[in-house]
Amino acid sequence: MILITGASGQLASLITQRAKEAGLLIETASRSQDADRPMDFDRPETLDFSGIRTLLLVSAGYAEDDVVMRRHEAVLTAAHRHGVKHVVYTSLSAASDHLGFALAHRWTERALIQSDLSWTILRNGLYAELIGALAAPRGGRITVPFGSAPISAVAKADLADAALKVLCDPKEHAGATYELSGIAPFSVRHLAQRLGVTYEPTSLSDERIRLSELPLLPFQAPMLLSISSAAMAGFLQSNSSDLLQLVPHPRDALTVACNAAHQASSER
Ligand SMILES: NC(=O)c1ccc[n+]([C@@H]2O[C@H](COP(=O)([O-])OP(=O)(O)OC[C@H]3O[C@@H](n4cnc5c(N)ncnc54)[C@H](OP(=O)(O)O)[C@@H]3O)[C@@H](O)[C@H]2O)c1
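Calculation criteria
- Residues numbered from 1 in each chain as written.
- Predicted model: local features only at pLDDT ≥ 70, side-chain atom pairs only at ≥ 80, totals over all residues.
- Heavy atoms only, no water.
- Helix = DSSP H or I, 4+ residues; strand = E, 2+ residues; numbered from the N terminus.
- Buried < 20%, exposed > 50% of the residue type's maximum accessible area, 1.4 Å probe, protein only.
- Contact = heavy atoms within 4.5 Å.
- Areas by Shrake-Rupley, 256 points an atom, 1.4 Å probe, with all protein chains shown as cover.
- Lys, Arg positive; Asp, Glu negative; His and termini not counted.
- Charge placed at Lys NZ, Arg CZ, Asp CG, Glu CD.
- Core = buried A, V, L, I, M, F, W, Y, C linked by side-chain atoms within 4.5 Å.
- Near = heavy atom within 4 Å.
- Polar contact = N/O pair within 3.5 Å; in protein donor to acceptor, adjacent residues only side chain to side chain.
- Nonpolar A, V, L, I, M, F, W, Y, C, P; charged D, E, K, R; others polar.
- Pairing = 2+ DSSP bridges.
- Right-handed = clockwise from strand over helix to strand, strands pointing away.

J.: In this structure, what is going on with the overall build of the protein? I would like to understand it.
T.: A count of helices and strands for the protein gives ten helices and nine strands. Judged by the C-alpha coordinates and their principal axes, the protein covers about 55 × 40 × 35 Å. Across the 268 residues of the protein, 51% fall into the buried class. A separation threshold of at least 6 residues defines the contact pool for the protein, and within that pool the share at least 24 residues apart is 76%. Carbon and sulfur atoms form 51% of the exposed surface of the protein, whose accessible area is close to 12,200 Å². In the protein, which carries 24 positive and 28 negative side-chain charges, the distance between the mean positions of the two groups comes to 1 Å.

J.: Is there a simple way to explain the nonpolar core in this structure?
T.: Looking at soluble globular proteins, one finds that nonpolar side chains tend to be buried together. If you look at the biggest cluster of nonpolar residues, it comprises 35 residues, and the most contacted ones within it are Ile 142, Phe 146 and Leu 191. Within the residue set of this core, elements represented by two or more residues are helix 4 (128-134), helix 6 (188-195), helix 8 (220-232) and helix 10 (253-267). No other element matches helix 10, which puts seven residues into this core. Those residues in contact with Ile 142 that sit more than four places away from it in its chain are Ala 135, Pro 137, Val 188, Leu 191, Ala 192, Leu 195, Val 197, Thr 198, Tyr 199, Glu 200 and Pro 201. Within the second largest apolar cluster, 25 residues are counted, among which are Leu 11, Val 154, Leu 167 and Leu 246.

J.: Looking at this structure, I do not really get the site of the ligand. What am I missing?
T.: Close to the ligand lie 25 residues, the nearest being Ser 8, Leu 11, Arg 31, Ser 59 and Tyr 127. At 2.9 Å, a backbone N or O of Gly 9 approaches an oxygen atom of the ligand. Measuring from an oxygen atom of the ligand, one finds a side-chain N or O atom of Arg 31 at 2.6 Å. Look at the ligand: alone it shows 900 Å² of surface, and the protein chains cover 87% of it. Looking at the shell around the ligand residue by residue, the class counts come to eleven nonpolar, nine polar and five charged.

J.: For this particular structure, what's the right way to read the pairing of strand 4 (residues 54-58)?
T.: Successive side chains on a regular strand alternate, one facing one side of the sheet and the next facing the other. Most of strand 4 sits inside the fold, with five of its five residues counted as buried. Residues Thr 54, Leu 56 and Val 58 line one face of strand 4 and the alternating positions Leu 55 and Leu 57 line the opposite face, and both faces are buried. As defined by bridge partners, strand 1 (residues 2-5) adjoins strand 4 across three bridges and the pair is classed as parallel. Considered in strand 4, the bridge of Leu 3 is made with Leu 55. Of the pairings in the sheet, the one linking strand 4 to strand 5 (residues 86-92) comprises five bridges and is parallel in character. The residue bridging Val 58 from the neighbouring strand is Thr 90, located in strand 5. In this region the chain leaves strand 4, passes through helix 2 (residues 65-81) and returns to the parallel neighbour strand 5; the handedness of that crossover is right-handed.

J.: Quick question: what am I supposed to make of the side chain of Ser 152 here?
T.: Relative to the helices and strands, Ser 152 is located in the loop between strand 7 (141-142) and helix 5 (156-168). Among the polar contacts listed, one links the side chain of Ser 152 to the backbone nitrogen of Ser 238, at a separation of 2.8 Å. Setting aside residues no more than four positions away along its own chain, Ser 152 makes contact with Ser 181, Gly 182, Pro 185, Leu 236, Gln 237 and Ser 238.

As far as function goes, none of this settles anything; it's purely spatial.
Have a look at this one:
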């Protein structure tokens with residue numbers, strides 16, 4: 001039996017759908033009562049992995065580092081206690097190392113590697129949907145300070161396909177770390193051209209002020225600002241990716257980002 005966590009979320013729901021279509025025996029977990037196994041990583045007593053051979057741990061990363069590390073530690077401890085054999089963990093690409101949420105991923109990777117569990121690490125690139133949503137135009141202009149360097153973003157659907165490939169034969173992928181950055185990087189300038197809008201990036205300072213005026217949780221503003229800094233500095237481009245090993249025909253990330261930008265603009 002395979003258990004997929006974060007199942008109410010966007011990435012895990014895609015993986016769940018594909019796994020069911022592929023005929024894999026799966027159960028789902030999240031805090032939602034709709035999950036096969038409702039569980040809250042913040043309440044270790046709810047973590048029931050009995051009868052689970054393979055655990056797909058989709059990171060629960062929207063929180064401060066200490067909270068995320070505590071959540072993932074609780075999951076790995078419970079997985080070990082319940083006799084889980086193999087953990088597949090959705091981490092973050094090496095190109096994303098400068099982002100404010102990279103540390104908890106690297107901590108989890110280290111905890112997994114040092115555990116007695118068999119593992120596969122999927123180092124997911126930044127979602128093309130995320131870049132599109134963050135760079136969505138306002139009044140015909142994109143203003144996020146993302147610079148002009150290419151970003152190796154990747155469609156969530158490709159990351160779901162990659163996870164499915166591993167879940168179909170976890171043993172074959174044991175001990176492997178896959179870098180899953182997009183293979184056709186695009187810049188926000190490209191995105192603006194494709195959308196037919198202007199790109200007038202503000203400064204990091206102005207972006208910080210804009211973020212401070214939004215109803216965000218304290219950890220969110222620095223996390224978001226780190227995406228701008230890393231993009232502007234050209235650190236979000238990856239020179240190598242293992243994506244094609246798992247997904248031979250990836251989607252066009254720029255098109256996915258454009259669709260996400262359209263959607264975000266229309267929802268404003
Ligand atoms: N590669 C990237 O670009 C990128 C960017 C941002 C984040 N991420 C990471 O990728 C993960 C998956 O992305 P996504 O788009 O699918 O996110 P999402 O739609 O927000 O889903 C997050 C999932 O995490 C679950 N979760 C949150 N806190 C939990 C807790 N305490 N206990 C159990 N489950 C919990 C949520 O379930 P319930 O709310 O139902 O419990 C939800 O199903 C994120 O959680 C984040 O760690 C990646």
